[in-house]
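This is what each chain is made of:
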Amino acid sequence: MEIVLLLLGMILCVVGIMGSFLPVLPGLPISWLGLLLFHFIPGIEMDYWFLGITLVVTIVLFVLDYVIPAEGTKRFGGSKAGAIGTTVGLIVGLFFPFGILIGPFLGALVGELIFNKTNSKTALKAAFGSFIGFLAGTFINFMAAIVFLGLYIYKVWENQVIIF
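> Can you break down the pattern of salt bridges residue by residue, with the values?
Scanning all chains against the criterion turns up one salt bridge. Where Glu 158 meets Lys 155, a salt bridge forms, and the shortest distance between an N and an O atom there is 3.4 Å. Of the two residues, Glu 158 and Lys 155 are both situated in helix α6 (residues 120–158); the distance of three residues between them amounts to about one turn of the helix. What makes Glu 158 partly exposed here is its relative accessible area of 39%.

> Residues and numbers for the packing of aromatic side chains, please.
The full count for this structure, using the stated rule, is two aromatic pairs. The ring of Phe 50 carries Lys 155 above its face, with NZ or CZ at 4.7 Å from the centroid.

> Please provide a residue-by-residue account of the nonpolar core, values included.
Counting 21 residues, the largest nonpolar core has Leu 6, Leu 28, Leu 35, Phe 38, Ile 41 and Tyr 152 as the members making the most contacts within it. Those elements that place two or more of their residues in this core are α1 (2–19), α2 (27–39), α3 (48–75) and α6. For this core, the leading source of residues is α6, giving six residues. For Tyr 152, the contacting residues outside a window of four places in its chain are Leu 5, Leu 6, Gly 9, Met 10, Cys 13, Gly 34, Leu 35 and Phe 38.

> Explain helix α5 (residues 99–115) to me, using residue names and the numbers behind them.
Taken together, the buried positions of α5 are Gly 99, Ile 100, Gly 103, Pro 104, Gly 107, Ala 108, Leu 109, Gly 111 and Glu 112. Structurally, α5 contributes buried residues whose contacts are with α3, α4 (80–93) and α6.

> How would you summarise the environment of Tyr 152 if you had to cite specific residues and measurements?
As for its placement among the helices and strands, Tyr 152 is situated in helix α6. We classify Tyr 152 as buried; its relative accessible area is 1%. Separated by 118 residues in the primary sequence, Tyr 152 and Gly 34 place their C-alpha atoms 7.8 Å from one another. For Tyr 152, the side chain forms a polar contact with the main-chain nitrogen of Met 10, separated by 3.5 Å.

Criteria and thresholds
- Residues numbered from 1 in each chain as written.
- Predicted model: local features only at pLDDT ≥ 70, side-chain atom pairs only at ≥ 80, totals over all residues.
- Heavy atoms only, no water.
- Salt bridge = Lys/Arg side-chain N within 4 Å of Asp/Glu carboxyl O.
- Helix = DSSP H or I, 4+ residues; strand = E, 2+ residues; numbered from the N terminus.
- Buried < 20%, exposed > 50% of the residue type's maximum accessible area, 1.4 Å probe, protein only.
- Phe/Tyr/Trp six-rings, centres within 6.5 Å; stacked < 30°, edge-to-face > 60°.
- Lys NZ or Arg CZ within 6 Å of the ring centre and 35° of its normal.
- Core = buried A, V, L, I, M, F, W, Y, C linked by side-chain atoms within 4.5 Å.
- Contact = heavy atoms within 4.5 Å.
- Polar contact = N/O pair within 3.5 Å; in protein donor to acceptor, adjacent residues only side chain to side chain.

Pasting the structure below:
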């Protein structure tokens, strides 16, 4: 049973890394589940502070994944309508192939053009800010998932878990 939990935890950490790029997988929460599974291996001492802190980091970054593109829109001159369009585009984009990449951009563009009636140059700038925000959020999630995998490997090493 220990080997199954150990391997499943490692697989979840690796899938979490892939999930930081793939829109259908919530990468960091999956990686955190890998850390949580390690806690259930008999004979392993896992600190509750460790699990709690990594859970808080997971929740904060999961929420920021939806906030950062909207903030990128605002920073590049977009209005509230562009920021709302970014969020709506991100959510709608989850249901389409490559929609997670295109959705925030199109949402900000539509929000600026239709609701604010801004010129196309300003709307494109705001949409570009949305895309940059999405890329920043993806990079942050990727790095956090890599750190979670490193923490998992460290915990395995620290507890001298022997697979065979």
